[in-house]
Amino acid sequence: MKSQDIRKAYLDFFKSKNHLIVPSAPIVLKDDPTLMFNNSGMAQFKEYFLGNGTPKSPRIADTQKCLRVSGKHNDLEDVGFDTYHHTMFEMLGNWSFGDYFKKEALAWAWEFLTEVLKLDKDRLYVSVFEGNPAENVPFDQEAFDIWKQYVSENRIILGNKKDNFWEMGDQGPCGPCSEIHIDLRSNEERAKVSGRDLVNADHPQVVEIWNNVFMEFNRKADGSLEKLPAQHVDTGMGFERLCMAMQNVTSNYDTDVFTPLIEKVEKITGFKYLPNTVTPSAVEEKTNIAIRVIVDHVRAVAFAIADGQLPSNTGAGYVIRRILRRAIRYGFTFLNTKEPFINKLVEVLANQMGEFFPEIKSQQQLVTNVIREEEASFLRTLEQGLQLLDKVVAETSGKEVSGEKVFELYDTFGFPKDLTALILKEKGYSFNETEFETELQKQKARSRAASEIATGDWHILIDGNTEQFVGYDQTENEARITRYRKIDSKKDGILYQIVLDATPFYPEGGGQVGDKGHLYTHEGVVEIIDTKKENNLIVHFATSLPHNVGENFIAKVNTDLRTATSKNHSATHLMHLALRNILGTHVEQKGSLVNSNYLRFDFSHFSKVTDEELRQVEASVNAQIEAQLQLQEYRNIPIQEALDKGAMALFGEKYGDNVRMIEFGESRELCGGIHVKNTAEIWHFKIISEGAVAAGIRRIEAITGEAVKNYYKNQEHTLAEIKETLKNPQDVLKSVATLQDDNAKLKKQIEQLLKEKVDGLKNTLVADFQEINGINFLAKQVDLSMSATKDLAQAIGTSKPNSFVFLASVEDNAPNIHCYISKELVADKGLNAGNIIRELGKYIDGNGGGQPFFASGKGKNVLGIKDVLEKVVELI
């Protein structure tokens with residue numbers, strides 16, 4: 001049974017059980033501050049489990065893209081080394097929100113596996129929670145009794161809290177779970193050791209395929225449990241593992257989920273992947289691991305990019321970059337790939353999964369371009385790392401390199417530890433792993449300390465889901481606190497999170513920052529420093545808590561910040577339309593930031609936007625501003641109706657059945673943000689920068705309103721200073737042009753004088769050659785620029801056979817050194833200018849490199865030139 005058929009069979013089965021089939025949420029979470037990525041099937045339904053929202057249906061089923069590479073659920077380091085862990089995986093799930101419970105969930109799981117898929121019942125084992133007296137959670141007798149209807153008692157395993165009690169995190173909904181495991185070993189192996197003894201023992205062929213979680217508790221901050229108001233079912237099934245069972249193989253990578261990708265890697269690299277039925281040699285196993293890493297990681301990276309997360313140096317983007325670099329490094333080390341190739345797998349992935357996940361097909365070109373550019377960039381970094389490693393080795397006495405130096409390469413340049421070890425081994429060196437691990441742990445401790453947050457329990461003042469947002473119509477209103485809690489972070493100190501029954505504060509989302517403002521009480525003022533949305537609650541971050549939390553308050557938004565932000569947000573929409581009209585309809589938003597100071601807009605485009613195109617975009621936006629377009633707002637319109645009206649939906653965003661559409665003239669977008677009532681309020685629009693973010697992604701930053709006024713004031717002030725410097729000429733442009741002409745003439749004169757000086761020095765220095773050990777040797781400091789010194793060294797070197805020329809000079813208080821060695825000396829005596837420059841560069845606190853016959857270096861310590869010239873004499 002093919003993977004596509006297995007996925008369809010699952011969804012069809014639960015559709016027949018009256019489940020609403022919903023699409024996968026994006027793999028990248030943009031409006032959940034507690035998670036970077038969707039790490040489980042239930043993540044998109046958190047608000048329903050917490051009672052903060054109402055689902056479309058009490059029964060839902062889906063297949064969810066999941067990513068587990070950080071935080072509590074982190075499988076990254078296992079990926080590749082075994083055959084069943086993945087960074088990205090699909091979780092088939094069926095959900096009950098206060099509807100059915102254990103009886104139906106377990107019966108349907110068994111029915112689907114044994115009657116629809118016809119898996120061998122003799123290979124299946126189930127587990128139930130054994131109970132935890134310390135937390136007053138009893139043995140799950142109900143699940144045990146249900147399972148006895150389907151399997152013999154010796155196939156029911158009692159599991160502890162680690163294996164059979166599922167928790168969303170340190171706090172939040174949780175409950176006992178009942179898992180189904182399958183034994184895929186041969187009959188001979190099964191006869192020797194019972195599968196029962198291998199359940200939850202990390203055996204690669206005895207694996208969990210289905211987990212039924214019974215959400216009935218809430219974990220509080222103090223660790224205690226309280227009953228949830230309703231009982232829910234949260235079930236998840238590992239799609240890749242199920243495919244392994246259905247396709248009669250013993251490795252996820254031997255299923256058709258991965259085999260097309262593996263075949264493409266084999267074709268590109270010439271290396272062969274051995275299936276799990278073959279016992280590989282040590283070398284073959286390294287090849288297998290490398291290929292598994294690559295085909296797994298490309299899925300995670302490709303879907304993350306398709307959902308709008310570009311690789312970067314911070315946050316979720318850093319995680320994506322790290323995953324991709326891990327794949328590149330395995331290819332570089334074990335498959336001898338020195339050119340970008342992982343990007344070529346995206347086409348295979350799009351053809352495989354485009355039917356169920358159309359975003360990978362529609363974003364195929366963008367994903368390919370971004371991965372190719374990232375590959376090229378990291379391969380250059382690897383090359384740089386090799387040069388730095390040569391320098392570290394040259395500075396090492398003995399055969400053990402400092403672990404601190406290796407960590408520096410890892411931390412600063414992303415140079416992997418095991419690649420360093422491999423290269424050092426080839427050179428006859430090792431490194432101090434204890435020192436490396438010490439530095440690594442220090443870094444992790446710093447990172448944990450910086451992000452550590454202690455979150456208290458919610459204090460509920462008003463029961464029920466009564467909170468509402470009134471900020472589209474009001475910036476000030478009367479409100480009451482429905483709940484609050486205390487948070488303590490290393491970064492920000494003690495803060496309070498407050499939820500209001502009615503709030504005018506806009507929570508961060510859709511690229512727009514959260515509102516700031518105040519809560520006014522009879523006793524004083526509470527400052528609101530930020531507003532975010534978490535699990536469908538609008539959470540206000542306050543520096544203090546009102547003395548009487550039960551009184552009525554006046555919630556007031558900082559209207560100066562709100563007004564400036566709304567101008568930038570509306571201008572973003574107008575610019576998006578202008579870009580599509582001027583550059584083409586291929587332009588799509590790939591990210592944005594809207595605050596009170598400026599707007600930032602990332603979009604897909606294949607080349608630099610020309611100055612003329614930027615002028616056209618500015619003119620188009622300003623024409624829309626001058627047209628005084630009135631805001632047309634559709635607050636609760638069916639999504640299909642909005643799309644039919646021409647509204648733009650953004651990839652990577654999660655939309656409900658009903659949406660809000662913002663319309664200014666021809667600009668129509670789905671958007672929940674704050675906007676001006678009329679484009680005239682924006683006043684003016686000015687682009688201040690345009691540049692590349694990644695391959696095929698450009699970024700524009702722009703300003704509006706008061707910021708534009710300040711911009712032009714600064715421009716006017718700068719022009720006045722230029723005029724004053726030029727003695728207030730009548731025609732500034734003509735004066736500047738005259739200066740440029742004079743400067744060009746002077747440059748030519750200087751170049752001629754410098755050439756004459758170099759020729760004179762050459763004639764003088766040729767007479768200073770010394771013969772040492774059959775080498776015509778010269779080492780001098782000269783008074784020239786770096787480029788002139790380089791030219792002089794080469795000119796002198798070619799004037800004599802068997803020459804070794806070493807020149808130093810100082811330019812802008814920075815020393816530079818150059819070494820020329822005749823090619824016959826390189827060949828006969830094994831001399832290498834690059835190695836010599838790297839070795840002697842440390843005396844001027846610098847480095848450098850080049851070819852064996854010529855190399856240059858630059859440093860910081862001018863006084864070190866004297867030592868360098870002495871050392872080069874000693875060397876010869």
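Residues numbered from 1 in each chain as written. Predicted model: local features only at pLDDT ≥ 70, side-chain atom pairs only at ≥ 80, totals over all residues. Heavy atoms only, no water.

Novice: I'm lost on helix 9 (residues 282-306) in this one. Help?
Specialist: Side chains of residues three or four places apart in an α-helix project in the same direction, reflecting 3.6 residues per turn. Between its terminal C-alpha atoms helix 9 stretches 36 Å, which fits the 36 Å expected from 25 residues at 1.5 Å a residue. In terms of burial, helix 9 is largely enclosed, as 20 of its 25 residues are buried. Phi turns positive, to about 105°, at glycine 308, one or two residues after helix 9. (Helix = DSSP H or I, 4+ residues; strand = E, 2+ residues; numbered from the N terminus. Expected span 1.5 Å × (residues − 1). Buried < 20%, exposed > 50% of the residue type's maximum accessible area, 1.4 Å probe, protein only.)

Novice: Honestly, the packing of helix 13 (residues 364-394) against helix 15 (residues 417-426) in this entry has me stumped. Any pointers?
Specialist: Running from amino to carboxyl end, helix 13 crosses helix 15 at an angle of 55°, the nearest separation of the two axes being 11 Å. Between helix 13 and helix 15, the angle is such that the two are oblique. In this structure, the crossing between helix 13 and helix 15 has a hand that is right-handed. Residues Leu382, Leu386, Leu389 and Val393 of helix 13 form the contact with helix 15, whose own contacting residues are Leu419, Thr420, Ile423 and Leu424. Here the contact of helix 13 with helix 15 is composed, by residue class, of 7 nonpolar, 1 polar and no charged. (Axes fitted to C-alpha atoms, helices over the stretch in contact; angles between N-to-C directions. Parallel < 35°, antiparallel > 145°, perpendicular 65-115°, else oblique. Left-handed = near helix turned anticlockwise from the far one by under 90°. Contact = heavy atoms within 4.5 Å. Nonpolar A, V, L, I, M, F, W, Y, C, P; charged D, E, K, R; others polar.)

Novice: Got a minute to help me understand the nonpolar core in this structure?
Specialist: Ranked by internal contacts, the top residues of the largest apolar core, which has 118 residues, are Phe112, Leu113, Leu242 and Ile342. Considering every element that reaches this core, the biggest residue donor is helix 9, with 14 residues. When residues no more than four places from it in sequence are discounted, the contact partners of leucine 113 are Lys118, Leu119, Ile180, Ile209, Trp210, Met237 and Leu242. Counting 25 residues, the second-largest nonpolar core is a separate cluster that includes Ala571, Met575, Ala578 and Val587. (Core = buried A, V, L, I, M, F, W, Y, C linked by side-chain atoms within 4.5 Å.)

Novice: Just checking my understanding: could you explain the environment of serine 251 for this structure?
Specialist: Mapped onto the secondary structure, serine 251 falls in the loop between helix 7 (239-246) and helix 8 (259-269). Put simply, serine 251 and threonine 277 are 26 residues apart on the chain and 9.1 Å apart in space, counted from C-alpha to C-alpha. Of the polar contacts made by the side chain of serine 251, one reaches the backbone nitrogen of tyrosine 253; its length is 3.1 Å. (Polar contact = N/O pair within 3.5 Å; in protein donor to acceptor, adjacent residues only side chain to side chain.)

Novice: Can you walk me through the side chain of arginine 241 in this structure?
Specialist: Structurally, the position occupied by arginine 241 is in helix 7. Summary of buried charges: arginine 241 has no salt-bridge partner, and the nearest side chain of opposite charge, glutamate 208, is 4.9 Å away. There is a polar contact of 3.1 Å between the side chain of arginine 241 and the backbone oxygen of glutamate 208. The residues touching arginine 241, leaving out its near neighbours within four places in the chain, are Tyr84, Val207, Glu208, Ile209 and Asn252. (Lys, Arg positive; Asp, Glu negative; His and termini not counted. Salt bridge = Lys/Arg side-chain N within 4 Å of Asp/Glu carboxyl O.)

Novice: I would appreciate a short explanation of the sheet that holds strand 26 (residues 599-604) in the present structure.
Specialist: Each strand in a sheet pairs with another by means of backbone hydrogen bonds, the pair being arranged parallel or else antiparallel. Taking strand neighbours across the sheet as the criterion, the 4 strands line up as 25-26-31-30 in an open arrangement whose pairing is antiparallel. Each of the sheet's edge strands pairs with one partner strand only, and the pair in question is strand 25 (589-594) and strand 30 (685-694). Across the sheet, the mean angle separating the axes of adjacent strands is 15° when strand polarity is ignored. Docked against the sheet, helix 17 (residues 559-583) engages strand 25, strand 26, strand 30 and strand 31 (697-704), running at close to 25° with respect to strand 26. (Pairing = 2+ DSSP bridges.)

Novice: Please explain the state of the cysteines as it appears in this structure.
Specialist: What is meant by a disulfide is a covalent connection between two cysteines, made through their sulfur atoms. Applying the stated criterion to the full structure yields 0 disulfides. In this structure cysteine 66 is a free cysteine whose sulfur lies 15 Å from that of cysteine 243, the closest cysteine sulfur available. By relative accessible area, which is 0% here, cysteine 66 ends up buried. (Disulfide = S-S within 2.5 Å.)

Novice: What exactly am I supposed to notice about the pairing of strand 10 (residues 206-219) here?
Specialist: The element strand 10 is extensively covered by neighbouring structure, given that 13 of its 14 residues are classed as buried. Here 10 bridges tie strand 9 (residues 172-183) to strand 10, and the two strands are oriented antiparallel to one another. When the sheet's bridge partners are listed, glycine 172 is paired in strand 10 with arginine 219. Pairing of strand 10 with strand 11 (residues 225-238) involves 9 bridges; the strand directions are antiparallel. Note on strand 11: the bridge partner recorded for tryptophan 210 is methionine 237. Where strand 10 hands over to strand 11, the hairpin turn is made up of 5 residues, of which glycine 223 adopts a positive phi near 95°.

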